[in-house]
Amino acid sequence: MKKKFFFIFFFSLALLALANGKTDKPDFKLGIERVEEFFNLFKGKRIGLITNQTGIDSLGRSSIEILHEKTNLKTLFSPEHGIRGNAREGAGIADSVDKKTGLIVYSLYGKTKRPTKEMLNEIDVLCFDIQDAGARFYTYIYTMAYAMEACARDGKTFVVFDRPNPINGINVEGNILNEEFKSFTGYFPIVQRHGMSCGELALMFNEEFKIGCNLKVIPMQGWKREDYFEDLNLMWIPPSPNIPTPDTALVYSGFCIFEGVNISVGRGTTMPFKYLGAPYIEAEALAAKLNALRLAGVFFKPAYFTPALSVYKNELCEGVQIIVRDKNKFLPVKTGIAVMYTIREMYPDKFKIYNYPAKHCGLNLLTGTDKLSKTSLSLDEYFDFIEKDEQKFLKMRKRYLMY
């Protein structure tokens, strides 16, 4: 009887694992889990750490705690959304003190986005451990870039504890950012969905774009480029308030561009970036038009929602719910562009680009080009434009791939 019970118990566990789409990867390690293997980088050094709530190991232990225990951790630094990830997009963050360690937390999203000489005076090595979302306009990678530039300026070592790109390391989409539209949401000429880990991006930033700091990347062990975050036995901690799940990050990489126009992306709802709409849209008509395009891997369901935040706060919006049917076929960047073309065509008198025709309007900064705002290209021509840039970027990034 006991044998039968244990067989049923373990068989049930196996079925549960399959149902969740997860497999054990005993050889997989995050960069932060390899501190002792690379301890020569920290021995006898004063350490600073840029991190937030996503800086944890596979058991949920914070990188702050790990480094505080194993190294001479002196100072903490926080990016956009704060060290605990509770601040809204764009909200300024003040310096603070970490309650658990008593260490000062310098804000890199307040009075300055760059570490000052004074901030770096008390450390020899500045580390970075944050979960990225995989999109060019997600600001954590530029907090990293600015910090690398500060380390090059002040002769400090910069260490990246590497983490997986949550939307895989193979797919590359979008145009290369035109440096005329350089900003904190697009600092270097890379594509919209870059398919690289933070460590790989750091290598590219340092060499290709000539930062020239003393950079060390502590790589993951066992990460495969085709892995999505859900394929790994890791805990997803929302890297910002409106990226609650890994599949949200996938949609976000294509649909954040709608932040530059008068359409809600569902901030303040249970479906941020999976809801898209406005009071002037007719949900059924838009869903029918979009589904008729037969875009790969995605279905558009008519949706009705009332955002509690941001554009159209407390107003009923009609639009669509973006349902990814097959993430391996879904192309978020091309899909987002096709949706914008469709809405602009259906509602030419009501669709607006914020601050247009200003050169540095939000849409141009998010897309890294003015070709979408100018409407001079057909959809097929726009796709040709980004496909050429994708090929250029794939060639450029080859030198920096670690996995």
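The text that follows walks through the structure, step by step, so that each part is easy to find. (Residues numbered from 1 in each chain as written. Predicted model: local features only at pLDDT ≥ 70, side-chain atom pairs only at ≥ 80, totals over all residues. Heavy atoms only, no water.)

### Comments concerning helix α5 (residues 198-207)
Residues separated by three or four positions in an α-helix point in the same direction, a consequence of the helix having 3.6 residues per turn.
Then, number 1: Of all the ten residues making up α5, eight are buried; the element is thus mostly covered by neighbouring parts of the structure.
Then, number 2: Regarding α5, the residues found buried are Cys 198, Gly 199, Glu 200, Leu 201, Ala 202, Met 204, Phe 205 and Asn 206.
Then, number 3: Looking at the packing, one finds that the buried side of α5 touches β5 (125-129), α4 (140-154), β6 (157-161), β7 (214-218) and α11 (379-397). (Buried < 20%, exposed > 50% of the residue type's maximum accessible area, 1.4 Å probe, protein only. Helix = DSSP H or I, 4+ residues; strand = E, 2+ residues; numbered from the N terminus. Contact = heavy atoms within 4.5 Å.)

### Topic: the packing of aromatic side chains
Here a ring pair, both rings aromatic, is described through the centre-centre distance and the interplanar angle of the planes.
Then, number 1: Within this structure, the stated rule accounts for 22 aromatic pairs.
Then, number 2: Seen from their ring centres, Phe 137 and Tyr 252 are 5.5 Å apart, and the 85 degrees between their planes marks the pair as edge-to-face. In this pair, Phe 137 is assigned in the loop between β5 and α4 and Tyr 252 in helix α6 (residues 246-255), connecting sequence segments 115 residues apart.
Then, number 3: Connected via pairs of aromatic rings, a cluster forms that spans Tyr 109, Tyr 142, Tyr 146, Phe 184, Tyr 187, Phe 188, Phe 205 and Phe 209.
Then, number 4: Across the ring face of Tyr 187, the terminal group of Lys 182 is positioned such that the distance to the ring centre comes to 4.5 Å.
Then, number 5: In this structure, Lys 359 packs its charged tip against the face of Phe 181, placed 6.0 Å from the ring centre. (Phe/Tyr/Trp six-rings, centres within 6.5 Å; stacked < 30°, edge-to-face > 60°. Lys NZ or Arg CZ within 6 Å of the ring centre and 35° of its normal.)

### What about the nonpolar core?
Then, number 1: By size, the foremost hydrophobic cluster in this structure holds 125 residues, and its most contacted members are Met 144, Phe 158, Phe 205, Phe 258, Leu 276 and Ile 343.
Then, number 2: The element that contributes the greatest number of residues to this core is α4, accounting for ten residues. (Core = buried A, V, L, I, M, F, W, Y, C linked by side-chain atoms within 4.5 Å.)

### Observations concerning the sheet that holds strand β8 (residues 275-278)
The strands making up a sheet associate through hydrogen bonds between their backbones, and the pairing can be parallel or antiparallel.
Then, number 1: Strand order in this open sheet of three strands is β8-β10-β9, and the pairing throughout is antiparallel. Since the sheet does not close on itself, it has two edges, and those belong to β8 and β9 (298-305), each with one partner. Taken over all neighbouring pairs, the strand axes of this sheet differ in orientation by 25 degrees on average, direction set aside.
Then, number 2: Both β8 and strand β10 (residues 317-324) contribute to a ladder of four bridges, which runs antiparallel. Across the sheet, Tyr 275 pairs through a bridge with Gln 321, a residue of β10.
Then, number 3: Its contacts with the sheet put helix α7 (residues 283-292) on β9 and β10, and the angle it makes with β9 is roughly 170 degrees. (Pairing = 2+ DSSP bridges. Axes fitted to C-alpha atoms, helices over the stretch in contact; angles between N-to-C directions.)

### Let's talk about the pattern of salt bridges
Then, number 1: A complete count under the given rule lists 23 salt bridges for this structure.
Then, number 2: Here Arg 46 makes a salt bridge to Asp 124, at a shortest N to O gap of 3.0 Å. Pair noted here: Arg 46 is in strand β1 (residues 46-51) and Asp 124 is in the loop between α3 (117-120) and β5, with a separation of 78 residues, a long-range link.
Then, number 3: With a relative accessible area of 26%, Asp 124 lands in the partly exposed category.
Then, number 4: Among the ionic pairs, Asp 370 bridges to Lys 374, the shortest N-O distance being 3.2 Å.
Then, number 5: Residue class for Lys 374 comes out partly exposed when judged on its relative accessible area of 48%.
Then, number 6: Overlapping salt bridges, with partners in common, bring together Arg 61, Glu 65, Glu 69 and Lys 100 in one network. (Salt bridge = Lys/Arg side-chain N within 4 Å of Asp/Glu carboxyl O.)

### Looking at the side chain of Thr 335
Then, number 1: Locating Thr 335 in the fold gives a position in helix α8 (residues 332-346).
Then, number 2: Once you skip the residues sitting within four places of it in the chain, Thr 335 turns out to touch Phe 255, Leu 295, Val 298, Phe 300 and Phe 330.

### Describing the environment of Gly 155
Then, number 1: Of note, Gly 155 is situated in the loop between α4 and β6.
Then, number 2: Classification of Gly 155 by relative accessible area gives exposed; the value is 66%.
Then, number 3: Residues Gly 155 and Cys 213, spaced 58 residues apart in sequence, show a C-alpha to C-alpha distance of 7.5 Å.

### Some thoughts on the packing of α8 against α11
Then, number 1: The contact between α8 and α11 brings their axes to 11 Å, and the two run at 155 degrees. Considering the angle they form, α8 stands roughly antiparallel to α11. Both α8 and α11 take part in a crossing whose hand is right-handed. Where α8 approaches α11, its residues Lys 334, Ile 337, Ala 338 and Tyr 341 are matched on the opposing element by Leu 379, Tyr 382, Phe 383, Ile 386 and Glu 387.
Then, number 2: Class assignment for the residues of the contact of α8 with α11 results in seven nonpolar, no polar and two charged. (Parallel < 35°, antiparallel > 145°, perpendicular 65-115°, else oblique. Left-handed = near helix turned anticlockwise from the far one by under 90°. Nonpolar A, V, L, I, M, F, W, Y, C, P; charged D, E, K, R; others polar.)

### Quick notes on the sheet that holds β5
Then, number 1: Ordered in space as β3-β4-β2-β1-β5-β6-β7, the seven strands form an open sheet in which the pairing is mixed. The open sheet has two edge strands with one neighbour each: β3 (96-97) and β7.
Then, number 2: As paired strands, β5 and β6 are joined by four bridges and run parallel to one another. From the neighbouring strand, Val 125 faces β6, where its bridge partner is Thr 157.
Then, number 3: Relative to β7, α5 is tilted by about 160 degrees, and along the sheet it contacts β5, β6 and β7.

### Some points on the pairing of strand β4 (residues 104-107)
Side chains on a regular strand alternate between the two faces of the sheet.
Then, number 1: Both strand β2 (residues 72-78) and β4 contribute to a ladder of three bridges, which runs parallel. By the bridge assignment, Phe 77 is partnered in β4 with Tyr 106.
Then, number 2: Here β3 runs beside β4; their pairing, made up of two bridges, is antiparallel. Paired with Ser 96 across the two strands is Val 105, which belongs to β4.

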